[in-house]
Amino acid sequence: MSDSIKELTEKILAFRNARNWKQFHNPKDLAISISLEAAELLEIFQWSGADVAVDTDKKLEKVREELADVLIYAFLMGNDLGLDISEIVSSKIDANNKKYPVEKAYGKADKYTAYTEDEEKSE
Ligand SMILES: [Mg+2]
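Residues numbered from 1 in each chain as written. Predicted model: local features only at pLDDT ≥ 70, side-chain atom pairs only at ≥ 80, totals over all residues.

Q: Quick rundown of the overall build of the protein chain? Include the residues and the values.
A: A count of helices and strands for the protein chain gives six helices and zero strands. Along its sequence from the N terminus, the protein chain presents helices and strands in the succession α-α-α-α-α-α. At 19 Å, the protein chain has a C-alpha radius of gyration far larger than the 14 Å of a compact globule built from 123 residues. With the C-alpha coordinates aligned to their principal axes, the bounding extent of the protein chain is approximately 60 × 40 × 25 Å. (Helix = DSSP H or I, 4+ residues; strand = E, 2+ residues; numbered from the N terminus. Rg over C-alpha atoms; globule rule 2.2 N^0.38 Å.)

Take a look at the structure:
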């Protein structure tokens, strides 16, 4: 685990432990919390029509707060399940490199199945 991730995790755990909140943090409720905080992040853009950019300081501050909430719960879940955040993110990127080969995915927003279906059709 990288030093910065370890330090952040320790800071988050110190906050939680000082409040005796671990008792509330089972994997289900942490997963729910990640989803709820992600919804709060999405809410920033609700009804914004074509205004999809983060182009004001106020909007950026809201994004900052909700993104941090998502990450805090994610760090807690990783810690509680004994997962190394650096390792799981790195592994997922490696897997994504295979799912989305640059030569097929460059500049495209298709789901990976579009590329595997291409392979299946050519086989
Ligand atoms: Mg929030």
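Back to the write-up after that little detour.
Q: Lay out the environment of proline 101 with the relevant residues and their values.
A: In this structure, proline 101 sits in the loop between helix 4 (85–99) and helix 5 (102–105). Using a count of 12 C-beta atoms within 10 Å as the deciding quantity, one classes proline 101 as exposed. (Buried ≥ 20, exposed ≤ 12 C-beta atoms within 10 Å, placed from the backbone.)

Q: An account of helix 1 (residues 3–18) is needed here, citing residue identities and associated values.
A: For helix 1, with 16 residues, the first-to-last C-alpha span of 22 Å sits near the 22 Å given by 1.5 Å per residue. Counting buried residues in helix 1 gives zero out of 16 residues, a small share hidden from the surface. Looking one or two places after helix 1, you find asparagine 20, whose phi comes out positive at around 55°. (Expected span 1.5 Å × (residues − 1).)

Q: Talk me through the packing of helix 2 (residues 27–43) against helix 3 (residues 57–80); I want residue IDs and the actual numbers.
A: At their nearest, the axes of helix 2 and helix 3 sit 8 Å apart, and the two run at 165° to each other. On the basis of the axis angle, helix 2 is roughly antiparallel to helix 3. Both helix 2 and helix 3 take part in a crossing whose hand is left-handed. Across the interface between the two elements, Pro27, Leu30, Ala31, Ser33, Ile34, Glu37, Ala38, Glu40 and Leu41 of helix 2 pack against Val63, Glu66, Leu67, Asp69, Val70, Tyr73, Ala74, Leu76, Met77 and Asp80 of helix 3. Across the contact of helix 2 with helix 3, the residue classes break down as 13 nonpolar, one polar and five charged. (Axes fitted to C-alpha atoms, helices over the stretch in contact; angles between N-to-C directions. Parallel < 35°, antiparallel > 145°, perpendicular 65-115°, else oblique. Left-handed = near helix turned anticlockwise from the far one by under 90°. Contact = placed C-beta atoms within 7 Å. Nonpolar A, V, L, I, M, F, W, Y, C, P; charged D, E, K, R; others polar.)

Q: So, the packing of helix 1 against helix 3: which residues are in play, and what are the values?
A: Look at helix 1 against helix 3: their axes get within 10 Å of each other, and the N-to-C directions meet at 90°. As judged from the angle between their axes, helix 1 and helix 3 are roughly perpendicular. Where helix 1 approaches helix 3, its residues Leu8, Thr9, Ile12, Leu13 and Arg16 are matched on the opposing element by Ile72, Phe75, Leu76 and Asn79. Here the residues of the contact of helix 1 with helix 3 sort into six nonpolar, two polar and one charged.

Q: Tell me about the environment of lysine 11, and please be specific about residues and values.
A: In this structure, lysine 11 sits in helix 1. Each C-alpha atom, one on lysine 11 and one on isoleucine 72, is 10.0 Å from the other, the two residues being 61 residues apart in sequence.

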